[in-house]
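# Descriptive structure summary
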Amino acid sequence: MGLELRFLGTGTSVGVPMIGCDCPVCTSPDPRNRRRRSCLFVKHGDGSFVVDTPPDFREQMLEERIRRVDAVFFTHVHADHIFGFDDIRRFNTIQNSVIPAYGAPEILRRVHEIFDYIGEIPGDNGLFRPLIRFCPMTEPVEVDGVLMTLLPVEHGGAPCYGYLMEADGVRVGYISDCSRIPESTLALLGDLDVMVLDALRYRPHPSHMCVAESVACLEKIGAKRSYLIHLCHDLDHGKLSGELPENMFVTYDGLRVTVDREGESAGEEQ
Ligand SMILES: [Zn+2]
Ligand SMILES: [Zn+2]
Ligand SMILES: [Zn+2]
């Protein structure tokens, strides 16, 4: 069956274009230089779920005409990854169900503190709020037939995770925010069909990998196909694409990647 990855947000925390910036990338006519904040939509058969709910979540769901979100997985508690969480309540209504949220225990605890009005039962004043069952991950979980394993990474000083996704013999690694991948996490990233990794800009940054660091790390991981994500306005899509080794690509909002074992290939649309 295979796994479909839809990249709904591929930009850094301020997005691209940035407010008040007239640089060539922020004013570029290339739609691939327009980047919302990080959100990955994962589809497996009839099931689908998201990784992170950024401030752009509502527009991302509308633009992709998404009708079903079986679960939310969180990577970390930075604003650019969580502040669209309230909009999940439309899916409570559509699906008539409580929706589980997954993540490392310390991440989910902070998300719940920030959204302290969100829980499993509707408000007693009749106001509608998201109905969420918080499910701290102490071991891998399976959702929609996809086995999800936490990938602890360094992201400046913030606790942060990526996810390993496995289904139908296919293996995908997704790490959107990261300054360094510990050896214990690298050990989980063998034999990958697709690896997605943070590459903020050309210059080094204390809490994100720069392009050179990311490319070196991706070469070490050696996935069949690798993708750069969480990009700032220093990076022009066309220029960066031309600078990458074979089988390394630059993500853009709207990119769909289908990963399946049958053709031993990852197809791209758009
Ligand atoms: Zn981020
Ligand atoms: Zn700019
Ligand atoms: Zn972050």
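Our structure's up above, just so we're on the same page.
Let me begin by describing the structure that accompanies this report. (Residues numbered from 1 in each chain as written. Chains lettered and ligands numbered in written order. Predicted model: local features only at pLDDT ≥ 70, side-chain atom pairs only at ≥ 80, totals over all residues. Heavy atoms only, no water.)

## So, the environment of Met148
Mapped onto the fold, Met148 is located in strand 8 (residues 146-155). Look at Met148 and you get buried, because its relative accessible area is 0%. Not counting residues within four places of it along the chain, the set of residues in contact with Met148 comprises Phe49, Val51, Phe73, Met137, Pro140, Val141, Tyr163, Leu164 and Met165. (Helix = DSSP H or I, 4+ residues; strand = E, 2+ residues; numbered from the N terminus. Buried < 20%, exposed > 50% of the residue type's maximum accessible area, 1.4 Å probe, protein only. Contact = heavy atoms within 4.5 Å.)

## A few points about unusual backbone geometry
Residue Pro17 is bonded to the preceding Val16 through a cis peptide linkage, with omega at 0°. If you trace the backbone, Pro17 turns up in the loop between strand 1 (3-9) and strand 2 (39-44). Its identity as a non-glycine residue notwithstanding, Asp168 has a phi of 50°, on the positive side. Its relative accessible area of 38% is what places Asp168 among the partly exposed residues. Residues other than glycine seldom take positive phi values, yet Asp191 does so here, at roughly 55°. With respect to the secondary-structure elements, Asp191 resides in the loop between helix 5 (183-186) and strand 11 (194-198).

## Some details on the coordination of the zinc ion (ligand 1)
Metal coordination angles in their ideal form are 109.5 degrees for the four-donor tetrahedron and 90 or 180 degrees for the six-donor octahedron. Those protein atoms acting as donors to the zinc ion (ligand 1) are Asp80 (OD), His81 (NE2), Asp177 (OD) and His230 (NE2), and they sit at 2.1 to 2.3 Å. Given 4 donor atoms and angles of 88 to 165° at the metal, the environment of the zinc ion (ligand 1) is assigned as irregular. Written as a sequence motif, the donor residues of the zinc ion (ligand 1) are D-H-x95-D-x52-H. The exposure class assigned to His81 is buried, which follows from its relative accessible area of 0%. Assessed through its relative accessible area of 2%, Asp177 is described here as buried. (Donors = N, O, S within 2.8 Å, 3.2 Å for Na, K, Ca; no water. Tetrahedral: all angles 85-135°; square planar, octahedral: opposite > 155°, others 65-115°.)

## Section: the coordination of the zinc ion (ligand 2)
In this structure, Cys21 (SG), Cys23 (SG), Cys26 (SG) and His233 (ND1) serve as the protein donors to the zinc ion (ligand 2), at separations of 2.0 to 2.3 Å. Its 4 donor atoms give the zinc ion (ligand 2) angles of 102 to 114° at the centre, a pattern that matches the tetrahedral case. Of note, the donors binding the zinc ion (ligand 2) are all from one chain and are spaced C-x1-C-x2-C-x206-H. With Cys21 in the loop between strand 1 and strand 2 and His233 in the loop between strand 12 (225-229) and helix 7 (237-243), the pair connects residues that are 212 residues apart, well separated along the chain.

## Concerning the pairing of strand 8
Within strand 8, 7 of the 10 residues are buried, which leaves it mostly tucked inside the rest of the structure. Of the strand pairs in this sheet, strand 7 (residues 141-143) and strand 8 are connected by 3 bridges, and their pairing is antiparallel. Paired with Val141 across the strands is Met148, a residue of strand 8. The antiparallel pairing of strand 7 with strand 8 creates a hairpin that spans 2 residues between the two strands, and Asp144 there sits at a positive phi of about 55°. Of the pairings in the sheet, the one linking strand 8 to strand 9 (residues 158-167) comprises 9 bridges and is antiparallel in character. Its bridge partner lying in strand 9, Pro152 is registered against Tyr161. Connecting strand 8 to the next strand, strand 9, in antiparallel fashion are 2 residues, including Gly156 with a positive phi near 60°. (Pairing = 2+ DSSP bridges.)

## Observations concerning the nonpolar core
Core analysis: the largest hydrophobic core is formed by 56 residues, its most contacted members being Leu5, Phe73, Phe85 and Met165. Not counting chain neighbours up to four residues away, the residues in contact with Met165 comprise Leu3, Leu5, Leu40, Val42, Val51, Val146, Leu147, Met148, Val170, Arg171, Val172 and Tyr174. Membership of the second largest hydrophobic core comes to 27 residues, among which are Val153, Leu197, Leu228 and Leu240. (Core = buried A, V, L, I, M, F, W, Y, C linked by side-chain atoms within 4.5 Å.)

## Structural notes on the state of the cysteines
Taken as a whole, this structure holds 0 disulfides when the rule is applied. Here Cys39 stays unpaired: no disulfide links it, and the sulfur of Cys160, its closest cysteine neighbor, is 15 Å away. With a relative accessible area of 0%, Cys39 lands in the buried category. No disulfide involves Cys160; its sulfur sits 7.3 Å from that of Cys178, the nearest cysteine. (Disulfide = S-S within 2.5 Å.)

## Quick notes on the side chain of Ser207
Turning to its location among the elements, Ser207 is positioned in the loop between strand 11 and helix 6 (211-221). Ser207 gets classed as buried once you look at its relative accessible area, which sits at 17%. Contacts of Ser207, omitting those with residues within four sequence positions, involve His155, Gly156, Cys178, Ser179 and Asp198.

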